[in-house]
Structure formats: C-alpha cells, structure tokens
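# Structural overview for review
What follows is the residue order along each chain.
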Amino acid sequence: MSIEVFWFLPTAGDTRYLGKKEGGRAPTQAYLQQIAVSAETLGYDGLLIPTGASCLDPWGVASSLVPVTQRIKLLVALRTSITGPTASARQAATLDQALKGRLLLNVVPGGDAEELAAEGVHYSHDERYSAADEFLTIWKSLLSGETVNFKGKHFDIRNARNVFPTDQQPYPPLYFGGSSAAAHALAGKHIDAYLTWGEPPQAVAEKIKTVKAEAAKHGRTVRFGVRLHVIVRETRAAAWEAANELIAYLDDETIQKAQDNFARLDSVGQRRMTELHGGKRDRLEVSPDLWAGVGLVRGGAGTALVGDPETVVKRLQEYVDLGVDTFVLSGYPHLEEAYRFAELVFPLLPNKQQFSTQGFYTGGAFDSRVTQSNTPLVAAS
C-alpha cells in the first residue's frame, strides 16, 4: 500500500475529551507550530488547515508555518464564496512561492448559510457551487498566465492579469469535498483530488463512481482521498476504550444541541454524516471498526477508524482498493495522536517505513524536545 497520509491542524482549539472544557488547548501559534513540526518530522505528507468562523484564518496560519517547515505540504482553504478569484490568485502565488511549491488548496464553497450570511454572502446551496464554478474558471485562467475577461452570473472580470506565477505550474493542486449533485459536478469539472468524509466503504465507492463519471464528461481524471479521525492503540480493546473515553463527558443535552445545529444546515455531506448514527450512542459503529462517536458533537468529519495497528491498516486498505490514495487524519489531542499513529501504523505502510519517531513517543511521556520547545526538530531522512 503506497498512500499519502496527511494530519490535521486544530485551528479552533484542541482537547482530550469531547464535551469537556477543562483541559482544552488554545490554538496558539506555538502549539500549532509544534504539531506542524512534529508531523513533518514523523513523515506525514501534508497538513490540512481548516476554515470556519470558529477557526483562525487558514492563510495566516499557513504563512506562519513557512519558516518552521521544509518538506510537508499545506492544504489550505480556498473560500470561493467569500473571497474574489483575482485576489485569491495573488495570495496563492505568494504563498506557493514562499513554500517552494508545497501549497495545496482545499476548495470550500461553504456549508452553513448562516455563517456565510455573517460574511455578507446570501447564496442558496446550488448558487454556492455555481459561484465556485465561475471562481475556479477565472482563478485557473489567471494562474495559467491568461488575461481574463469574464462575465457570468456572479463575477464580472475585466482585463485581469496575475503578475507573479505560482511555484507549481500552472497552479497548486485543487482538493475538494462535497456530497451533493452540484458538488460532484464541480469536482468533475475542476478538482484534482476529491475528498470524502469517512463513510462506510460501499458509500465511498458510490461517490467515487459518480465523480469519475462527472470528470469523464470533461475528459479528466480525479484522484480520491478520505478524511477520517483515527483511534489506534496497541490492542483493539484499548482502542475501543479510548474511543469511549473521548465521549465520556458528553451529556444528552450537549449532543441534542449539536444535532439540532447540524439539522439546520443545507449541507448534504453533513446530513449523510448525521444519518450514520442519528444522534444515538447505541448506533456508533456504522461499519466494521468505523465509529461515528466524534460526529455526535463535531460537524464535518465525524467518523474514526478504531483498532490496533493491523486492524486500522486493514480498513485503510479497503478504501485503497476502491481507488483512494490519500488519507487526511486527525485524533484528540492532535499532538500526541500524531505521534501515536506514526509510531504504531507507519511501520506497516511500505512507503512510510523510512521515517522514524526517534524514540520521542514512549507510550504516554514525550521527549522534552517535543513538549517544552518550539525549536523545529530535524526532519527524518
């Protein structure tokens, strides 16, 4: 199995227990850099930097990582509903040059109408994707060196030109996740890598088939990835105990409040996540070793692979067999779990065996160079 493995940067804050405020970690620059440097040292291929009203600005965060990373790719949100294509093209060129070609872009039209309204944007669901189509048409043309004149429903661009090119030509790869028909059509037309949240393999297979068909309409091919949480321990029993501990402080009122919030969204992907468990604690293993407990209170990606290293690799292989080559992973807390997953699972992945945890993770205690210093660690060769 040869795959890309990304980790996640918790720019809205981190925790050890969902639903428990005590012991939470603020998304300080020092903490986020610590995770980023650790992920690079451990051998992760990329970092997803999320977006949203409760998150730090992803472009600012990505810029802060330029001087402390050398190899790891940064997957940064490209907000097509709340930014303009010409300014975004300049931003992408600037950051990709600074990163020396390590920028990836995660296209996000938005899945929360209220959040968009707070930004002054009042698109319907399908209008978001119509606007994203126009945005990407303009954006890609600019970064391909064209002078752009474009008049559509959402944008009227006259004699636009991007002066400074991106390091990657013609532009950094575009990633995207969406579950509606409009989203699949957008993916087929514009996107390089389609990411789905961690649904059961059969559901993922159906999405892959649909997006492939949409891409074929344009004579294109698309890569595929899965966004998942992971809870891996030395034994299956220990992993399931850790999963239950993660939600041990969640009460029914907190779960219901979160589910009510999700229900108001017009996001098809969020609806599919919610339907996996229905807000019920007794329906959380939605597929063998695929646990939906995170989705009781977390929007977006709400499932986790749970098990010992061999079990987790087996489940990853099921997705790989469908055509998936990228996994965007996370775990609570993100610093410790980045080490744990790398230590336990990377030795089982042929293209990750050259990386070493160098003894930093010791089953609960961490080397002082990781926990008490913000000095970048030397990347493993």
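Residues numbered from 1 in each chain as written. Predicted model: local features only at pLDDT ≥ 70, side-chain atom pairs only at ≥ 80, totals over all residues. Heavy atoms only, no water.

### A few points about helix α10 (residues 268-277)
Under the convention used in this document: Throughout this description, buried means an accessible area under 20% of the type-specific maximum (1.4 Å probe, protein chains only), exposed means over 50%, and partly exposed covers the range between. A run of H or I in DSSP becomes a helix once it reaches four residues, and a run of E becomes a strand once it reaches two; helices and strands are each numbered from the N terminus. Arc definition: it is the arc formed by the directions from the helix axis to the C-beta atoms. In what follows, residue pairs with any heavy atoms lying within 4.5 Å of each other are defined as contacts. Here a polar contact means two N or O atoms within 3.5 Å. Within protein one must be a hydrogen donor candidate and the other an acceptor candidate, and residues neighboring in sequence count only if both atoms are side-chain atoms.
Along α10, the positions that sit buried rather than exposed are Gly269, Gln270, Met273, Thr274 and His277. For α10, the angular spread of the buried residues around the axis is 135°, confining them to a single face. Tucked into the core, α10 has its buried residues touching β8 (193-197) and α9 (252-263). With a side-chain oxygen lying 3.4 Å from the backbone nitrogen of Gly269, the N-terminal cap of α10 falls on Ser267.

### A look at the packing of aromatic side chains
The geometry of an aromatic ring pair comes down to the distance between the two centres and the angle between the two planes. Just so we agree on the cut-off: A pair of Phe, Tyr and Trp rings is counted when the ring centres sit within 6.5 Å of each other, with Trp represented by its six-membered ring. The angle between the planes then sorts it: under 30 degrees is stacked, over 60 is edge-to-face, the rest tilted.
Tallying each qualifying case throughout the model produces eleven aromatic pairs. For the pair Tyr129 and Phe176, a centre-to-centre distance of 6.3 Å together with 85° between the ring planes defines the contact as edge-to-face. Placement of Tyr129 in helix α5 (residues 125-143) and of Phe176 in strand β7 (residues 174-176) is noted, with a sequence separation of 47 residues between them. Each member of the pair, Tyr129 as well as Phe176, is classed as buried. Geometrically, the ring pair formed by Phe341 and Phe346 is edge-to-face, given 6.0 Å between the ring centres and 85° between the ring planes. For Phe341, a relative accessible area of 1% gives the class buried.

### Let's talk about the pattern of salt bridges
Definition in use: For this document, the term salt bridge refers to a Lys or Arg side-chain nitrogen within 4 Å of an Asp or Glu carboxyl oxygen.
A complete count under the given rule lists 25 salt bridges for this structure. Here Asp156 ties to Lys151 by a salt bridge, and the two come within 3.4 Å at their closest N and O atoms. Asp156 sits in the partly exposed class, given a relative accessible area of 36%. On the accessibility criterion, Lys151 (68% relative accessible area) is exposed. Each of Glu4, Lys73, Arg223 and Asp325 takes part in one network of salt bridges that share partners.

### Comments concerning helix α8 (residues 236-246)
Of all the residues in α8, the buried ones are Ala239, Ala242, Ala243 and Leu246. Seen end-on, α8 carries its buried residues on one side only, within an arc spanning 100°. Residues of α8 that are buried in the fold lie against β9 (223-232), β11 (290-291) and β12 (304-307).

### Quick notes on the nonpolar core
Where we set the bar: In these notes, a set of buried Ala, Val, Leu, Ile, Met, Phe, Trp, Tyr and Cys residues joined through side-chain atoms within 4.5 Å is what counts as a nonpolar core.
Residues Trp7, Tyr44, Trp139, Phe327 and Phe341 are the most contacted members of the largest nonpolar core, which totals 80 residues. No other element matches α5, which puts eight residues into this core. With 17 residues, the next largest nonpolar core counts Leu18, Trp291, Val294 and Val306 among its residues.

### Side note on unusual backbone geometry
Of note, the amide linkage connecting Gln169 to Pro170 takes the cis form, showing an omega dihedral of 0°. Examined against the element boundaries, Pro170 turns out to sit in the loop between β6 (156-160) and β7. Across the junction of Tyr332 and Pro333, the peptide omega takes the value -15°, indicating a cis bond. Within the secondary structure, Pro333 is located in the loop between β13 (324-330) and α12 (334-345). The phi angle at Lys100 is positive, at roughly 55°, despite the residue not being glycine. For Lys100, the position within the fold is in the loop between α3 (85-98) and β4 (103-108). With phi around 65°, Asp289 is a residue other than glycine that occupies positive phi space. Examined against the element boundaries, Asp289 turns out to sit in the loop between β10 (285-287) and β11.

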